[in-house]
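Working through the structure, step by step
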Amino acid sequence: MWQTFPTESQCCIIEGTGVKIVPARRLLVNGLAVLILIMLWAPLSCSSPSVDVGGIGMDVKIGFGERFRSGTWVPVNIQITNEGIPLEARIEAIVTLGHIFASQPIRVVYRRPASLPSGTRKRFILNVPIYHTATPIDIRLVEPDGSILTQRRVSLREAGVTSDIVLVLDTTGEQWNWLHEVVRTRAAPHTRVWVAHARSDADLPHDWVAYESVRTIILTASFPIASLAMNQVHAILDWVEAGGHLLVAGGPGLNVAAVPELAKRLPVELADGSKLVTLQNMGVSFAPLPAPVHVLTRKARLRNGSVDIEADGIPLIAHTYVGTGRITYVGLDLAAGPLRDWEDFD
C-alpha cells in the first residue's frame, strides 16, 4: 500500500551554476590559479558526494501520463521504497531555468523532507516549473549532510508536448482514444489533444498550480471522488477559478453528493433517481442524430448557469462559470450508450 504525501512542506533554493568566464589576458597570467578555482567550484555547484545505501528504490514520473506542456508548473510523482535502515532525508528536484544556450544557467532546487522508516513504501509529489525540454531534470534523495542516497536523471524530450492535455478521472480502463484529435498537415500529422488518465486519488496533486498543463479535467462516475483529500478537491476547484475547465459526467452513477464543495458549484442540483429520456438532437451547432435515441440520465434541475441541451424537461448538458473557468455538467455516461456512434460525438 502506497502512502501519499502532499507538498505543503516543499521549498526551493536557487543556485548559480556554470564555470565563471575569465578574460583571456587574466587566463594567461593566472592560468594555474583559475584552474584550481574551477576544480574547487565544481563539486559545490554541480554535485554532492554519493553514498552507497542498500535497500533504497526510487521511481520517478513527470506530469500526467508522463506528459506535460513546457512553460508550466508540472507535478513530479516520486515513489520511494526503503528496505534498509530507517532514514531521515530530503527529496530534491533540480530544474534548469533560463535560455537553453545560456552560458551560466540557473539551477533551482525544490526540496521537501522525507521520513523513511524501514519497510517504507511512500509516494511524494513535488511541483516544479519546467520551461523547456532541452535539459533533463534531476531527482535525488539526500541525507541531511548532503550525501546522495540515490538519484535519477529524467529526460524531458519525450514527455513535453504542445498539445492540449485532457485529464480523465476514470478507473474502468477505458482509454478514451476517441478524444484524441489528430490534425493532418503537410508535414507529419500531430495530435492536438493528448489524453491522460488518473485511476485513483494517488494520481492527483494537492496544489492547483500543478494542473497548469491541463486544459480540461473530465470526472466520470467510476472515479471514487469521495476518496480525495480536501486539499485535492480544493486544488481542482482553485484551478477552475484560475481558468480551467471541469467536465462532470457519468449519468445516474455519478456521486458528487459525497463532496459538497463540488456539488454546490455544479450548474444543476441533482435529485434522487434516474429517468430514460428521448434525445431528438444535440443542437444547431452539431450534426443531426441519425435517429432519436434513448439515454438514461440523472434527474436534475438547473441551479445557475445555462442549459445547453435538455430532454423531457431534464438538463442533459449545462454549464456555469466559476472565476475565469468553467464547470460543465453532462447527465449521461460519455463512455457508453448509443451516442458513441454519432459522428460529432467527440
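Look above for the structure.
One structure accompanies this document, and this report is about it. For clarity, every value in this text was computed on a predicted model and none was experimentally measured.

Considering the pairing of strand β20 (residues 314–322)
Within β20, eight of the nine residues are buried, which leaves the element mostly enclosed by the surrounding structure. One ladder, built from five bridges, connects strand β19 (residues 306–311) with β20; its direction is antiparallel. Within β20, the position partnered with Ala311 by the bridge is Ile314. Where β19 folds back on β20, the antiparallel hairpin that results is connected by two residues, among which Asp312 adopts a positive phi of roughly 55 degrees. Inspection of the sheet shows β20 paired to strand β21 (residues 325–330) by six bridges, in the antiparallel sense. In the strand pairing of β21, Thr320 is matched with Ile327. Remark: two residues form the turn of the hairpin made by β20 and β21, two consecutive strands paired antiparallel; Gly323 in that turn has positive phi of roughly 60 degrees.

Focus: the side chain of Asp138
Take Asp138: it is sitting in strand β9 (residues 137–142). Polar side-chain contacts of Asp138 include one of 3.4 Å to the side chain of Arg107. Side chain to side chain, Asp138 and Arg153 meet in a polar contact 2.7 Å long. Not counting residues within four places of it along the chain, the set of residues in contact with Asp138 comprises Glu92, Ala93, Ile94, Arg107, Arg152 and Arg153.

Observations regarding the layout of surface pockets
Volume-wise, the second largest pocket comes out at about 220 Å³. Around the second largest pocket, the lining is made up of 14 residues, and of these Gly63, Phe64, Gly65, Asn77 and Asp203 lie nearest the centre. Among the elements of the structure, β3 (56–62), β5 (72–82) and β8 (120–130) are those that each provide at least two residues to the lining of the second largest pocket. If you tally residues by element for the lining of the second largest pocket, the top one is β5, at three residues. Here the lining of the second largest pocket is built from residues that sort into five nonpolar, five polar and four charged.

Let's talk about empty space enclosed by the protein
Applying the stated rule across the entire model yields two cavities of 30 Å³ or more. Taken as a whole, the largest cavity holds about 70 Å³ of empty space. As for the largest cavity, its lining consists of Leu169, Leu219, Ile225, Leu228, Val233, Ile236, Leu237, Leu246 and Leu262. For the lining of the largest cavity, the element with the most residues is helix α3 (residues 230–241), which contributes three residues. Counted by class, the lining of the largest cavity contains nine nonpolar, no polar and no charged residues. Lining of the second largest cavity is provided by Val95, Thr96, Pro129, Ile130, Tyr131, His132, Thr135, Pro136 and Leu156. Mapped by element, the contributors of at least two residues to the lining of the second largest cavity are β6 (87–97) and β8.

A look at α3
Taking 1.5 Å per residue as the helical rise, α3 with its 12 residues ought to reach 16 Å, and the 17 Å between its terminal C-alpha atoms agrees with that figure. Among the residues making up α3, those that are buried are Gln232, Val233, Ala235, Ile236, Leu237, Trp239 and Val240. Taken together, the buried residues of α3 touch β15 (214–219), β16 (245–249), α4 (260–263), β20 and β21. Downstream of α3 by one or two residues, Gly243 has phi in the positive range, about 125 degrees.

With respect to the pattern of salt bridges
Inspection of the entire model under this criterion finds 10 salt bridges. A salt bridge links Arg153 to Asp138; the nearest nitrogen and oxygen atoms lie 2.7 Å apart. Taken as a pair, Arg153 in strand β10 (residues 148–154) and Asp138 in strand β9 lie far apart in primary sequence, 15 residues in all. For Arg153, a relative accessible area of 61% gives the class exposed. Classification of Asp138 by relative accessible area gives buried; the value is 10%. Linking Arg301 and Glu269 is a salt bridge whose minimum nitrogen-to-oxygen distance equals 2.6 Å. Of the two residues, Arg301 is situated in strand β18 (residues 293–302) and Glu269 in strand β17 (residues 268–279); the sequence distance between them amounts to 32 residues. When its relative accessible area of 33% is taken as the criterion, Glu269 is described as partly exposed. Through salt bridges with shared partners, a single network forms among Arg90, Glu92, Arg111 and Arg140.

Brief notes about the nonpolar core
Counting residues in hydrophobic clusters, the biggest one holds 35 residues, and the most contacted among them are Leu167, Tyr211 and Ile217. Breaking this core down by element, the ones donating at least two residues are β12 (164–169), β14 (190–198), β15, α3, β16, α4, β20 and β21. Per element, the largest residue contribution to this core is six residues, and it comes from α3. In contact with Ile217, other than residues within four places in its own chain, are Leu167, Leu169, Tyr211, Ile236, Trp239, His245, Leu246 and Leu247. Within the second largest apolar cluster, 29 residues are counted, among which are Val74, Leu87, Val108 and Leu126.

Conventions and cut-offs
- Residues numbered from 1 in each chain as written.
- Predicted model: local features only at pLDDT ≥ 70, side-chain atom pairs only at ≥ 80, totals over all residues.
- Heavy atoms only, no water.
- Buried < 20%, exposed > 50% of the residue type's maximum accessible area, 1.4 Å probe, protein only.
- Helix = DSSP H or I, 4+ residues; strand = E, 2+ residues; numbered from the N terminus.
- Pairing = 2+ DSSP bridges.
- Polar contact = N/O pair within 3.5 Å; in protein donor to acceptor, adjacent residues only side chain to side chain.
- Contact = heavy atoms within 4.5 Å.
- 1 Å grid on protein atoms, 1.4 Å probe; cavity = no way out; pocket = protein on both sides within 12 Å on 5 of 7 lines; lining within 4 Å.
- Points joined across faces, edges and corners; volume = space filled by probe spheres on them.
- Nonpolar A, V, L, I, M, F, W, Y, C, P; charged D, E, K, R; others polar.
- Expected span 1.5 Å × (residues − 1).
- Salt bridge = Lys/Arg side-chain N within 4 Å of Asp/Glu carboxyl O.
- Core = buried A, V, L, I, M, F, W, Y, C linked by side-chain atoms within 4.5 Å.

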